[in-house]
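Examining the three-dimensional arrangement
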Amino acid sequence: MSKKYDTPLLDELEKGAFPSFVKEIKRAATHSDMANDLLGHTELCYKERVTHWKHGGIVGVRGYGGGVIGRYSDIPDKFPGVAHFHTVRLNSPSGFYYNAAALKELCDLWDKYGSGLTNVHGSTGDLVFLGTRTEQLEPFFAETSSRGWDLGGSGSALRTPSCCLGKSRCEWANIDTMAITNDITQHYQDEMHRPAFPYKFKFKVAGCPVDCIASIARADMSIIGTWKGDIRINQDEVLKYSKTMDIKAEIIDMCPTGCMQFDGKAMKIDNSNCNRCMHCIAKMTKALRPGTEQGATLLLGSKAPIVTGALMSWVIVPFIKMEPPYEEFYDLIDKIWEWWDEHGKNRERIGELIERLSFPRFLKDVGLEPSPAMVKEPRRDPFFFWAEEDIER
Ligand code: SF4
Ligand code: SF4
């Protein structure tokens, strides 16, 4: 199939820092009418500085309320290949592990039922299939689900939970991120597939505070692995590091809480003041390791700026053991969702609701004890204000 459209603006964009957006559509256009019309359609949008995508109607597959995002062109006569251009989200495996055969299978299926264009992964964490027609949705879903795949979340529902690769490859993981993500996914199948929330809700699970999955900025609930007690120190290894790096400049002076000391012979850490930033552990991997009593900190409320501005998650449970069957965790989530369901406005994220009704009210209503770890920003600006009777008590 030869190129049908002149695309001077897209050609220019292709010369920039992120050429794959254009390059991959052009590649798909060599064998897909849809991708070919997408080139012409996108070029026209840029030329006229207006989008020709309209948000159209509800589309989906039987038995599911989410997982498919409807997209239609408002100039279908001009570009029939993209008259319908729906996005399908597939639930990604925990830790984003695929083998080559699985990826090839999915790509072949999308060549058969859609444009051939995919997005691995969308910022939601899903495996995203871009562009298909309404009548192709059921057959695509039937074939993918018969091979063990499922739709991801979309709309006002629980979105596909995602995580860092955790204990499968990373020595710093304090929790089994992949097992937790899989358990949440199985536990809340109904909440994922049948949108019934005021708005979207996302879980992201990081094995340690390095937070490779960026849960603190992107998840309504961030589950971040942490430890209690002392950082484990191997003093022999510390001495070896002292021969190859300036420990004072690179570690001691960089500790955000100033809780470390090194006198040339041994390293000391005042663990009661460590805020688990991971800097020292990440720089001295052979000498320092997280403590042995491991669990997670739960944080709530982050989101990107859609209705109001961006929010970062803040701590609601400083430490929780995240071990099967996760009863304490699920009890808390159910209470949070009930509260959100009762008080949330349409399209109001949980973080926005807490800001509107206040954090003390949230804590009281869901039965959480206030704690000094609940700060809006580290080491300043307490989010919770104690009443006089609390102080007396
Ligand atoms: Fe490892 Fe922590 Fe990153 Fe997870 S978040 S991959 S545990 S460094
Ligand atoms: Fe300091 Fe961070 Fe290391 Fe804790 S983890 S001792 S705060 S550098």
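Residues numbered from 1 in each chain as written. Chains lettered and ligands numbered in written order. Predicted model: local features only at pLDDT ≥ 70, side-chain atom pairs only at ≥ 80, totals over all residues. Heavy atoms only, no water.

We now examine the nonpolar core. Core analysis: the biggest nonpolar cluster contains 41 residues, and F203, M221, I223, I316, F329 and F362 have the highest contact counts within it. Listed by contribution, the elements that provide at least two residues to this core are helix 6 (177–187), strand 8 (203–206), strand 9 (221–228), strand 14 (293–300), strand 15 (314–320), helix 12 (327–343), helix 13 (350–357) and helix 14 (359–366). In this view, I223 contacts I175, I184, F203, K204, V205, A206, A296, T297, L298, M322 and F329; residues no more than four positions away in its chain are not counted. With 22 residues, the next largest nonpolar core counts W172, V238, Y241 and I269 among its residues. (Core = buried A, V, L, I, M, F, W, Y, C linked by side-chain atoms within 4.5 Å. Buried < 20%, exposed > 50% of the residue type's maximum accessible area, 1.4 Å probe, protein only. Helix = DSSP H or I, 4+ residues; strand = E, 2+ residues; numbered from the N terminus. Contact = heavy atoms within 4.5 Å.)

Attention shifts here to helix 9 (residues 235–244). Of all the residues in helix 9, the buried ones are E237, V238 and Y241. Taken down its axis, helix 9 places every buried residue within 105 degrees of arc, on the same side. Exposed side chains of helix 9 directed beyond 90 degrees from the buried face belong to D236, K240 and K243. Of the surrounding secondary structure, the elements contacted by the buried residues of helix 9 are strand 10 (232–233), helix 10 (247–252), strand 11 (260–262), strand 12 (267–269) and helix 11 (279–283). (Arc of directions from axis to C-beta.)

Turning next to empty space enclosed by the protein. Taken as a whole and assessed by the stated rule, the structure comprises 1 cavity of 30 Å³ or more. Approximately 110 Å³ is the volume found for the largest cavity. Together, 17 residues line the largest cavity, and C255, M260, C274, C277 and C280 are the ones closest to its centre. Counting residues per element, the lining of the largest cavity draws most heavily on helix 11, which supplies 3 residues. The class makeup of the residues in the lining of the largest cavity is 13 nonpolar, 3 polar and 1 charged. (1 Å grid on protein atoms, 1.4 Å probe; cavity = no way out; pocket = protein on both sides within 12 Å on 5 of 7 lines; lining within 4 Å. Points joined across faces, edges and corners; volume = space filled by probe spheres on them. Nonpolar A, V, L, I, M, F, W, Y, C, P; charged D, E, K, R; others polar.)

The next subject is the sheet that holds strand 8. Taking strand neighbours across the sheet as the criterion, the 5 strands line up as 7-8-9-14-15 in an open arrangement whose pairing is mixed. Two strands lie at the open edges of the sheet, namely strand 7 (162–163) and strand 15, each paired on one side alone. Running at roughly 165 degrees to strand 8, helix 6 makes contact with strand 7, strand 8 and strand 9 of the sheet. (Pairing = 2+ DSSP bridges. Axes fitted to C-alpha atoms, helices over the stretch in contact; angles between N-to-C directions.)

Ordered by their spatial adjacency, 4 strands build an open sheet running 2-4-6-5, and the pairing between neighbours is antiparallel. Looking at which strands have only one partner, the edges of the open sheet turn out to be strand 2 (68–69) and strand 5 (117–120). Relative to strand 6 (residues 127–130), strand 4 (residues 87–90) is paired through 4 bridges, and the arrangement is antiparallel. Looking across to strand 6, one finds that T87 is bridged to L130.

Further remarks concern the pattern of salt bridges. Side-chain pairs of opposite charge can arise whenever the charged atoms involved come near each other. A complete count under the given rule lists 18 salt bridges for this structure. A salt bridge links D37 to K4; the nearest nitrogen and oxygen atoms lie 3.4 Å apart. Residue D37 is found in helix 3 (residues 33–48), and its partner K4 is found in the segment before helix 1 (8–14); the two are separated by 33 residues along the sequence. For D37, a relative accessible area of 3% puts it in the buried group. Across the pair E135 and R133 runs a salt bridge, and its minimum N-O distance is 2.7 Å. A relative accessible area of 29% means that R133 is categorised as partly exposed. Through salt bridges with shared partners, a single network forms among E105, K112, E143 and R147. (Salt bridge = Lys/Arg side-chain N within 4 Å of Asp/Glu carboxyl O.)

In short, the description is geometric, and any link to function would need to be established separately.
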